[in-house]
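# An overview of the molecular structure
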Amino acid sequence: MRPSRAAAVHATLGAVSVVMLVPFYWVLKTSLTGENIFQYPPALLPRAMHPFYYVDVWYYIPFVRYVINSVIVSAIVVAANLVCNALAAYALTLRFRGKRAIVTLLLSCMLIPFQATIIPAYLITKELHLLNSHLGLALPLCSTIVCIFVFKASFDAVPRSLIDAARIDGLAEWRIIRHVMLPLSTSAVATTVILSFIWSWNSFLWPLIVIRNPEMQTLPLGLSTFLSYMENTTGALYAFCIMVLVPGVALFLLEQRRFIDGLTSGATKG
Amino acid sequence: MRYVWVAATLMLLIGGCNLWVALHDDGVVSGRVVQPDGQPAVGATVSFWEKTLTTLERRAATQTASDGRFVLTGQPAHHFALQAEKSGFDASPRTLYRRYFRGQNLVLDEPLRLGAP
């Protein structure tokens, strides 16, 4: 690529990045200044910054309780996704009758929105006596089709000779997954961890339906409750948003290289 | 390795913050009350109002000493208002204050000023 063309591409990408980052900057700025978001003309730079809105969020609501609930649910979801999706994806790398039909079924299930299945999901959770519990909160997200295909793409890239060699050495199928497939699929593991964590962390509708006890609320539900209490306090509300966002963003920044590798693996094959 | 460093740094920061808070959270609020002409207001009543999500609730009160100074102890609220009253004067405006953490010891920079009768 010629230098002038590269500069133009970078300038365009930089401009697009700025446009995409402006809302985040605005939320951060408002959380530190509490200014009216409808003020005209808007102030581009923050004035008289202070952290007191974060202090308000910390003390006015049981923020630590919400964080603990969200962490527990996310940990269950991430662990369950790693196990269930890896097993399902490994099965889809094998040859068996009806494999195409199962793949088609899984892909078509991705078209069904969660809202359409929420009543059966609620009834199943109720029958299992898991309403108002961490496990009940985690249940619908314990396996996700997108992550199954992320794992499948990664497993498909593992040479068959390695798997055959492991079988000849006497490894059971689950040990092949544990000791051969997963170590060679770190990008898929990272992608699954990040995606499942973020989906669980941001989940709102399911906790809203399943949770009755305020002590069991997760962060998005807490945010909603907080909004109902403090609808005039823009600064505290935005501070809460930042506090909810930080763990997900931090996890992504720590694992972004593997995350992108995981999502693009298999994309350039053949 | 990054996870270890990030976790260790966070633990260090949180530990340091908690230590600082533990050493400075007696809940002491001190300051002065002055009359409209700037003279110390002796025997004025200073009320401490805790700001809750929806309203202000009166939690404590104290009297100023001969130099107009007052000290309120054991008040943990991080968001509160103070108001001074004395017979013969209008009450001072109810002023809101914030603390960085509950029970932070705080010395008011500006005195509470009673209004002219």
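Residues numbered from 1 in each chain as written. Chains lettered and ligands numbered in written order. Predicted model: local features only at pLDDT ≥ 70, side-chain atom pairs only at ≥ 80, totals over all residues. Heavy atoms only, no water.

### Some thoughts on the sheet that holds strand β2 (residues 45-51) of chain B
Read from one edge of the open sheet, 4 strands run β3-β2-β5-β6 (chain B), paired in antiparallel fashion. Of all strands in the sheet, those with a lone pairing partner are β3 (56-63) and β6 (95-98) of chain B, marking the two edges. Strand-to-strand, the axes of this sheet are offset by a mean angle of 30°, without reference to chain direction. Taken together, the 4 bridges between strand β5 (residues 79-85) of chain B and β6(B) define a ladder with antiparallel strand orientation. Considered in β6(B), the bridge of F80(B) is made with Y97(B). Strands in contact with helix α2 (residues 52-60) of chain A are β2, β5 and β6 of chain B; relative to β6(B), the strand with the most contacts, it is inclined by about 85°. (Pairing = 2+ DSSP bridges. Helix = DSSP H or I, 4+ residues; strand = E, 2+ residues; numbered from the N terminus. Axes fitted to C-alpha atoms, helices over the stretch in contact; angles between N-to-C directions. Contact = heavy atoms within 4.5 Å.)

### Considerations on the interface of chain B and chain A
Contacts between chain B and chain A engage 13 residues on the former and 12 residues on the latter. Buried area between chain B and chain A, both sides added, is near 1,400 Å², and the carbon and sulfur share of it is 63%. The largest share of the area that chain B buries against chain A comes from Y3(B), L53(B) and R98(B), three residues that together contribute 46% of it. There are 1 salt bridge connecting chain B and chain A. The salt bridge involving D56(A) is made with R98(B); its shortest N-O contact spans 2.9 Å. Linking chain B to chain A there are 5 residue pairs in polar contact (both at pLDDT 80 or more). Residue contributions to the side of chain B that touches chain A peak at 3 residues, all from helix α1 (residues 2-23) of chain B. When the residues that make up the side of chain B that touches chain A are grouped by side-chain class, the tally is 5 nonpolar, 3 polar and 5 charged. (Buried area = accessible area lost by both parts, 1.4 Å probe. Salt bridge = Lys/Arg side-chain N within 4 Å of Asp/Glu carboxyl O. Polar contact = N/O pair within 3.5 Å; in protein donor to acceptor, adjacent residues only side chain to side chain. Nonpolar A, V, L, I, M, F, W, Y, C, P; charged D, E, K, R; others polar.)

### Quick word on the packing of helix α3 (residues 63-93) of chain A against helix α12 (residues 219-229) of chain A
All names here are of chain A. Contact geometry for α3 and α12: axes closest at 8 Å, N-to-C directions at 150°. Judged by the angle between their axes, α3 and α12 are roughly antiparallel. In contact with F63, Y66, V67 and S70 of α3, α12 contributes L219, P220 and G222. Looking at the contact of α3 with α12 residue by residue, the class counts come to 5 nonpolar, 2 polar and no charged. (Parallel < 35°, antiparallel > 145°, perpendicular 65-115°, else oblique.)

### Thoughts on the environment of V180(A)
Residues and elements named next belong to chain A. Tracing the sequence through the fold places V180 in helix α9 (residues 173-181). Along the primary structure V180 and A116 are separated by 64 residues, whereas in three dimensions their C-alpha atoms are 38 Å apart. When near neighbours in sequence (up to four residues on either side) are disregarded, V180 contacts A166, L171 and R175.

### As for the pattern of salt bridges
Tallying each qualifying case throughout the model produces 8 salt bridges over all chains. With its nearest N and O atoms 2.7 Å apart, the salt bridge here joins R59(B) to E50(B). Taken together, the salt bridges that share partners define one network made up of D164(A), R167(A) and E173(A).

### Focus: the nonpolar core
All names here are of chain A. Counting 25 residues, the largest nonpolar core has V57, I61, F63, L219, F226 and F240 as its most contacted members. Elements with a contribution of two residues or more to this core: α2, α3, α10 (186-202), α12 and α13 (234-264). Broken down by element, this core gets its largest block of residues, 10 residues, from α13. Ignoring anything within four residues of it in the chain, the contact list for I61 reads Y66, F226 and F240. The next biggest cluster of nonpolar side chains, apart from the first, holds 19 residues, and it includes V103, I145, V158 and A188. (Core = buried A, V, L, I, M, F, W, Y, C linked by side-chain atoms within 4.5 Å. Buried < 20%, exposed > 50% of the residue type's maximum accessible area, 1.4 Å probe, protein only.)

### Quick look at the environment of T225(A)
Residues and elements named next belong to chain A. Within the secondary structure layout, T225 lies in helix α12. Along the chain, T225 and I177 lie 48 residues apart, while their C-alpha atoms are 43 Å from each other. Within the structure, the side chain of T225 is placed 3.4 Å from the side chain of Q217, a separation counted as a polar contact.

### A few points about the packing of aromatic side chains
Taken as a whole and assessed by the stated rule, the structure comprises 10 aromatic pairs over all chains. For the pair F197(A) and W201(A), a centre-to-centre distance of 5.1 Å together with 20° between the ring planes defines the contact as stacked. Placement of both F197(A) and W201(A) in helix α10 is noted, with a separation of 4 residues, approximately one turn of the helix. An identical accessibility class is assigned to F197(A) and W201(A); each is buried. Taking the centre distance of 4.7 Å and the plane angle of 20° together, the rings of F48(B) and F80(B) count as stacked. (Phe/Tyr/Trp six-rings, centres within 6.5 Å; stacked < 30°, edge-to-face > 60°.)

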